[in-house]
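What the coordinates show
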Amino acid sequence: MNTAPRRHWLPFLNKEVPADCATPTETAAFELKTGCESLRLRMPELELRSELGEGWRISGGTISGGETGLLYGVYAYLMAAAAGKPIAEAESRPRYALRMINCWDNMDGSVERGYSGRSLWFRDGRFSYDPVRLRQVARMLASVGLNVLCINNVNVHEPAQGLIDEFLPDTARLAALLRPFGVRLMLSVDFSQPMRHGGLPTADPLNKEVQRWWRDTADRVYAAIPDFAGLLVKADSEHRPGPFTYGRNHAEGANLLARALKPHGGVLVWRAFVYNCQQDWRDTKTDRPMAAYETYHPLDGQFDGNVILQVKNGPFDFQVREPISPTLLAMPRTNLAMELQLAQEYTGQQTDIYAMNPMWKELMEELREGGDPQLCAMAAVSNLGDESCVTGHPFAAVNLFGFGRFAWDPAAEPERVIADWVRLTYGFEGETQAALTALLMNSRAVYEKYTAPLGLNWMVTPNSHYGPNPSGYEYQSWGTYHRATREAVGIDRTDSGTGYLSQYPAALREKYGSADTCPDSLLLFFHRRRYGWVMPDGRTLIQRIYDDHFEGYAEAEKMAETLAALPLPEPDRSEALRKMALQLHNAREWRDVINSFFARLSGCADAQGRDLCADFDD
Ligand code: GCW
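Section: helix α9 (residues 357-369)
The terminal C-alpha atoms of α9, which comprises 13 residues, lie 19 Å apart, in line with the 18 Å expected from a rise of 1.5 Å per residue. Within the span of α9, buried status applies to Asn-357, Pro-358, Met-359, Trp-360, Leu-363, Met-364, Glu-366 and Leu-367. In this structure, the buried residues of α9 make contact with β13 (336-341), β14 (377-381), α10 (397-408), α11 (414-426), α12 (430-451) and α13 (506-513).

Observations regarding the domain arrangement of the protein
Taken as a whole, the protein is organised into domain 1 (24-92), domain 2 (98-412) and domain 3 (453-491 + 528-616). Contact residues are listed per partner, giving eleven residues for domain 1 and 15 residues for domain 2. Buried area between domain 1 and domain 2, summed over both chains or domains, comes out near 950 Å², and the portion from carbon and sulfur atoms is 58%. When the buried surface of domain 1 facing domain 2 is broken down by residue, Tyr-72, Tyr-75 and Met-79 rank first, second and third, together holding 49% of it. Seen at the junction of domain 1 and domain 2, the total is one salt bridge. When contributions to the side of domain 1 that touches domain 2 are tallied by element, the ones reaching two or more residues are α1 (24-39) and α2 (67-82). At five residues, α2 tops the list of elements feeding residues into the side of domain 1 that touches domain 2. Along the lines of polarity and charge, the residues of the side of domain 1 that touches domain 2 split into six nonpolar, three polar and two charged.

Considerations on the pairing of strand β3 (residues 62-65)
Here β3 shows no split at all, with Thr-62 and Ser-64 on one side and Ile-63 and Gly-65 on the other all buried. With four bridges connecting them, strand β1 (residues 45-48) and β3 associate as parallel partners. Paired with Glu-47 across the bridge in β3 is Ser-64. For strand β2 (residues 56-59) and β3, the ladder comprises four bridges, and the chain directions are antiparallel. Within β3, the position partnered with Ile-58 by the bridge is Ile-63. Counting the residues between successive antiparallel strands, the hairpin from β2 to β3 contains two residues, one of them, Gly-60, with a positive phi of roughly 50°.

What counts and how
Residues numbered from 1 in each chain as written. Predicted model: local features only at pLDDT ≥ 70, side-chain atom pairs only at ≥ 80, totals over all residues. Heavy atoms only, no water. Helix = DSSP H or I, 4+ residues; strand = E, 2+ residues; numbered from the N terminus. Expected span 1.5 Å × (residues − 1). Buried < 20%, exposed > 50% of the residue type's maximum accessible area, 1.4 Å probe, protein only. Contact = heavy atoms within 4.5 Å. Domains from an automatic or database assignment. Buried area = accessible area lost by both parts, 1.4 Å probe. Salt bridge = Lys/Arg side-chain N within 4 Å of Asp/Glu carboxyl O. Nonpolar A, V, L, I, M, F, W, Y, C, P; charged D, E, K, R; others polar. Pairing = 2+ DSSP bridges.

Here it is as structure tokens:
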């Protein structure tokens, strides 16, 4: 489906930018004019001040900034006015230099973990896109300050290896289309590319021919795309090739590519998603969350200056609740990026509503408690696709918008960000704005309750990752176990258990190490507990499991009522209501499957006598 784009948070900028708009400054001027028409704003003066870089200043009727800073300043000015909070005096600069969207798009047009349709730029093994549509998407990215777009999947399937080779002219054309919006292109490459695409017998990072091949490749790419952002690599992870094949470590692997990019000012983003995906489920000593730290901590200080280690926010894989990844707190001499996932792989797949900014705020708090490492970049797996609303669910756009705001200023209040999105997208004010904002703000807590409260993750349906299946991953090789028996559930990750806890700095070790101080939300992630264990609020563990699932479903029903009462425009209204019905079905499945699983296993009845679908024999 490649239908016309729809409402997003810049409805007043929904016009086409002239093709001859070569520089961000010209684009900015045009955008401003468009905005002025519909908002009847006084056109501020624009002043190019290169020293401000990506930052901007609004003062005395003038917007000043570096080339992209000016563009961002204009968007900030227009969006603030449209949100009913005009800016007279302000200045701002981004907290992170790189604010990246990682698309998992394949060249056949499919999108790995994509829930918004097919790829916006690939079809049938080649580039295929509507430039008007892409400029609109680029404008969405630029309006919230996102400045790097990696267009292809980190699992690099053929023919995507040709993006830096036979398709390079097309890649360069797309880069040119994005350039006026301050968005630089990045590509994912396969570590074994010199063999699979370069005819070499090896991809060993210490081999001179391999080094030359990457250098020549980088030279060619930069000749075609001078502002190319760099390369992204998933290596030795889930069957992808990597330096381990040659007995080399990941610093040697990353530095190989980084050195080829360095003369051109490019960065090499290396993903830290490395673990043994062929674990024997009987093995209770190996604990998957420990893997990244074990691989990377010993290498701290060995990565070149233009390498960025990109670490998923949690030690597992984008579950609804995980503690902060200890790797982010253990690499003081390495450039770090945190990787988030806008695609709702484990969080409702753009069917269930799940707004992420509240979760990201918690992650930043945990980072601070753990010693406040200085990250240099933020990355997020894209939720974009070719469906008419581009993010699958009309409300999922809040996560793209929210990610841009967050990566610019991680201290931005989630509620304010979400309220702005609501106002800009739907024009809601007062009670309606507050109602949709509250619904979105609570959506994660509701989802967590009906799916995986208390840090009890991986009860999801294998492969699809939507819907419950409590034993689905329990006897598999992915390292994803809850180990529920008839007495107890959860994993002891303290010193008496797997020892994972020891990877954290003291403050977090203390907080998580005792079941009394560990937040309820992570209890079963860090501790194994009997069902009769009494929680701080006086309820038993099993009762909390039941109660949370019942509450989660009841709250989802309330969400549905609120949603139905909102004056949403069409087609968003019909689409949101249709998806809400699916969400309720999903929530009910989770509630009943998980509760009956535990009731049958434990033999414990519900204190409130509700139906647990357990068929107790007595
Ligand atoms: O969560 C897993 C996903 C894979 C993904 C992988 C990764 C791109 O299920 O689809 O592959 O993470 O992050 O590399």
